[in-house]
Every structure is written in C-alpha cells, then in structure tokens.
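Report on the structure
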Amino acid sequence: MEHYSPIVQFAGLRFDVPVVLMTILTSVLVFIVVMLCTRNMTTGVPKGKQNFFEWVIDFIRGIAGQFMDAKTSTKFVTLALTLFLYIFIGNQLGVMANFTVEHSEPIPSLGITQEVINEHGHEVEHDGHMEKTLGVAWFKSPTASPSVTFGLALMVLLYAHYLGIKKDAGSYVKHWFQPHPLMFILHVMEEFIIKPLTLPLRLFGNIFAGEVLIAFLLAGSVAVVSLPLIVWLGYSVFVGAVQAYIFTTLTLVYISQKVVDDH
C-alpha cells in the first residue's frame, strides 16, 4: 500500500511533516539518553549506565585516534559522539515501530487536506459505504529520508572545509592544485560531487531499503512472515549500528584531511 507524506509550507519552504517530527523526536531521545547516562556521575569506578556511556565515549575516541593525534582528536569527540548517537537512535526508530495511520478526516495543520485525501487516498468500506482514507507513515527513521542524510552530510563537509580554511588558508588553496595543477578538476569532483553524494546515499539507501522490507513483511501473513520478520528486525538493528559507525568514521576522516598536516 502506498504511503503519503504530508507536506506543509512555511516561509516559502516545503516541509515533510513526518520527517520533521521524527527528526525532532530523535534529537529529544539523544538528549534524554545523554542526560540519563551522565546524571549522578561518580569519580570512582564507574558502574551501570555511566560505565556504558564512558565505553561509548572511549569507542568514539578510539575511532578519532586512528586519523588524528590525541590532542587534535579530543576537539572532535563531542561532534562525533553526537553524530553517532543521533544516527544510531534515528536508524532504530523505524525498526522499533513501523506502522501506518489511516486518515479519513482532514487535518490541515499537518498537511492533510480533503484535496490530498481525495487525490492520494484509497477507498475502503466503512459502515456499508465506500470512503477514501489516506495512509501516513508517521513513525519512521528520519535517516530513511534523503533530506536528513544529505543535510547531515552537507553540515559535516562544510564544517571540514571551514576547519581547513581556518587552520591555514594558504595551504587549503594550495592543496587543490597538488600534486599537479590538473588535479584541481579531480579535487573539485571529489569534494563537491563524490563525497556529498556517497556519504548521505550510503546511509539513506540502507535504512530506506530496510524499512521498505519491514513494511512488506508486516503486510504479509503472520504465520508466514513471523520468523523472517524477526530475523530481519535483528539484522536491521545491526545495519543501523554499522551505518552510524561508518558515517561517524567518514566524518572524522574528512575532518582529519583538513586539520592534519600528514594529509
């Protein structure tokens, strides 16, 4: 069954309502997780959630340490940790609850108008007569939307270029023409075409494809799809974690290319 994403316009811009709501929810969940894990911290041997959170920080610090020295990597641990938590939690939302809400009445404030229901809805029988309802997937992973993954990638790449210019503007410009002036074309393609496409598409493609299959399995017979669904849900959790790791690692790689002299 086709799902519709309500769109609202604000200040001349179009916003996908479910994506906006799930993006906000993911941010709130990240804040709650960090707050709960850092409350009542002790200076002695960490236990429970504090021990887990320190392990996560050490894990991120270890990734950063592969590409930068300890002093430099420390500056970007907070950014990398935030990205990792946001992407990991966002990736799991569509796994935990993948459902569709059917709307037969318009909700203009959420972009569901009668015109939208008539155009994109499907007919169902209700009280002996046919009426149109609109299926909306409100609860899904924000990272299953290209607007979110491209936004994250754009933020990371612009920040990396900013760091390169801030560190040494002369060396930053000189890099575009090394080791030969003709390399300028390849550098431009890499920085403004290849990286901006491969970084977000990898994340979006894996999460979107996973949610499509989950929705397909949920629509089938319970007896037939129960085992495959359980297996796929477990695999989706793993894929979500791997994609968070890859995105965070590539972020640190791109930053290191701008701030580490060896690059």
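Sequence order as written defines the numbering, with residues in each chain counted from 1. This being a predicted model, a pLDDT of at least 70 is required before a residue's local features are given, and a value of 80 or more before pairs of side-chain atoms are given or counted; all residues contribute to the totals for chains, interfaces and linings. The side-chain quantities take in all heavy atoms of the structure and omit both hydrogens and water.

**Regarding the environment of E211**
Note the threshold: Helical segments are the DSSP runs of H or I of at least four residues, strand segments are the runs of E of at least two, and each set is numbered from the N terminus. Pairs of N or O atoms within 3.5 Å make up the polar contacts considered here, provided that, within protein, one atom can donate a hydrogen while the other can accept it, and that residues adjacent in sequence are counted only when both atoms are side-chain atoms.
In this structure, E211 sits in helix α8 (residues 183-218). Between the C-alpha atom of E211 and that of G94, which follows or precedes it by 117 residues, the distance is 6.4 Å. Within the local environment of E211, its side chain forms a polar contact with the side chain of S141, the two groups lying 2.5 Å apart.

**Focus: the environment of V77**
Selection criterion: Type-normalised accessible area, obtained with a 1.4 Å probe on protein chains alone, sets the label of each residue: buried when under 20%, exposed when over 50%, and partly exposed for intermediate values. Contacts were defined at the residue level, with two residues in contact if any of their heavy atoms lie within 4.5 Å.
Mapped onto the elements, V77 comes out in helix α4 (residues 77-96). Since its relative accessible area comes to 8%, V77 is described here as buried. For the pair V77 and I57, spaced 20 residues apart in sequence, the C-alpha separation works out to 7.6 Å. With residues near it in sequence (within four places) discarded, V77 still touches I57, I60 and R61.

**Details of the pattern of salt bridges**
Two side chains bearing opposite charge may form a pair once their charged atoms approach each other closely. How we decide: The term salt bridge refers to a pairing of a side-chain nitrogen on Lys or Arg with a carboxyl oxygen on Asp or Glu at a separation within 4 Å.
A full pass over the atoms with the stated rule returns 3 salt bridges. We note a salt bridge from E191 to K195, for which the minimum N-O separation is 3.1 Å. Remark: K195 and E191 occur in helix α8; sequence separation between them is 4 residues, near one turn of the helix. Take E191 and K195: they sit in the same class, and that class is buried.

**So, the confidence of the model for the chain**
Convention followed: How sure the predictor is of each residue is captured by pLDDT, a score from 0 to 100.
Residues with a pLDDT of 70 or more make up 92% of the chain, whose mean pLDDT is 87. Helix α6 (residues 146-167) holds the highest mean pLDDT among the elements of the chain, 95, whereas strand β4 (residues 122-126) holds the lowest, 71.

**A word on the pairing of strand β2 (residues 13-16)**
Condition: When DSSP locates at least two bridges between a pair of strands, those strands are taken to pair.
The sheet contact formed by strand β1 (residues 7-10) and β2 spans 4 bridges and is antiparallel. Directly across from I7, in β2, lies its bridge partner D16. What sits between the antiparallel neighbours β1 and β2 is a turn of 2 residues, in which A11 has the positive phi angle 55°.

**Considering the UniProt feature "transmembrane region" (unreviewed entry) in the chain**
Applied cut-off: UniProt positions are given in the numbering used here, feature names are shortened, and annotations may be inferred rather than shown by experiment.
Residues annotated in UniProt with the feature "transmembrane region" (unreviewed entry) correspond here to residues 20-38, 76-99, 148-165, 203-226 and 232-255. Here residues 148-165 is 100% helix and 0% strand, with 26 Å between the C-alpha atoms at its ends. Annotation note: span residues 232-255, helix share 100%, strand share 0%, distance between end C-alpha atoms 34 Å.

**Here we look at the packing of aromatic side chains**
The description of an aromatic ring pair uses the distance of the two centres, along with the angle that the planes make with each other. Quick reminder of the rule: By convention, a stacked pair of Phe, Tyr or Trp rings (six-membered ring in the case of Trp) has centres within 6.5 Å and planes under 30 degrees apart, an edge-to-face pair has planes over 60 apart, and any other such pair is tilted.
Taken as a whole, this structure holds 13 aromatic pairs when the rule is applied. Here the aromatic rings of Y172 and W176 are separated by 5.9 Å at their centres, their planes lie at 80°, and the arrangement is edge-to-face. Accessibility expressed as a relative area gives 14% for Y172, which makes it buried. Accessibility expressed as a relative area gives 8% for W176, which makes it buried. Ring centres of Y235 and F238 lie 6.4 Å apart, and the angle between their planes is 40°; on these two criteria the pair is classed as tilted. Of the two residues, Y235 and F238 are both situated in helix α9 (residues 222-259); the distance of 3 residues between them amounts to about one turn of the helix.

**Some points on a nonpolar patch on the surface**
Applied cut-off: Here the term patch refers to residues with relative accessible area over 30% and no salt bridge, with like charges joined within 9 Å and nonpolar side chains (Val, Leu, Ile, Met, Phe, Trp, Tyr) within 5 Å. Per-residue and other accessible areas follow the Shrake-Rupley method at a 1.4 Å probe size, with only the shown protein chains counted as cover for residues.
On the surface, V173, F177, F184, I185, L186, M189, F192, I193, I194, L197 and L201 cluster together to form a nonpolar patch covering roughly 990 Å² of accessible area. At 9 residues, the largest contribution of residues to the nonpolar patch is made by α8. Tracing the chain through its elements places L201 in helix α8.

**So, the nonpolar core**
The criterion, for reference: Nonpolar cores were defined as sets of buried Ala, Val, Leu, Ile, Met, Phe, Trp, Tyr and Cys residues, with membership established by side-chain atoms within 4.5 Å.
Membership of the largest hydrophobic core comes to 40 residues, with the highest contact counts inside it found for I87 and F247. Mapped by element, the contributors of at least two residues to this core are α1 (17-38), α2 (48-65), α4, α6, α8 and α9. At 9 residues, the largest contribution of residues to this core is made by α4. Once residues within four sequence positions are removed from consideration, I87 is found in contact with L152, L203, A244 and F247. If you look at the next biggest cluster of nonpolar residues, it comprises 8 residues, including I112, I117, L134 and W138.

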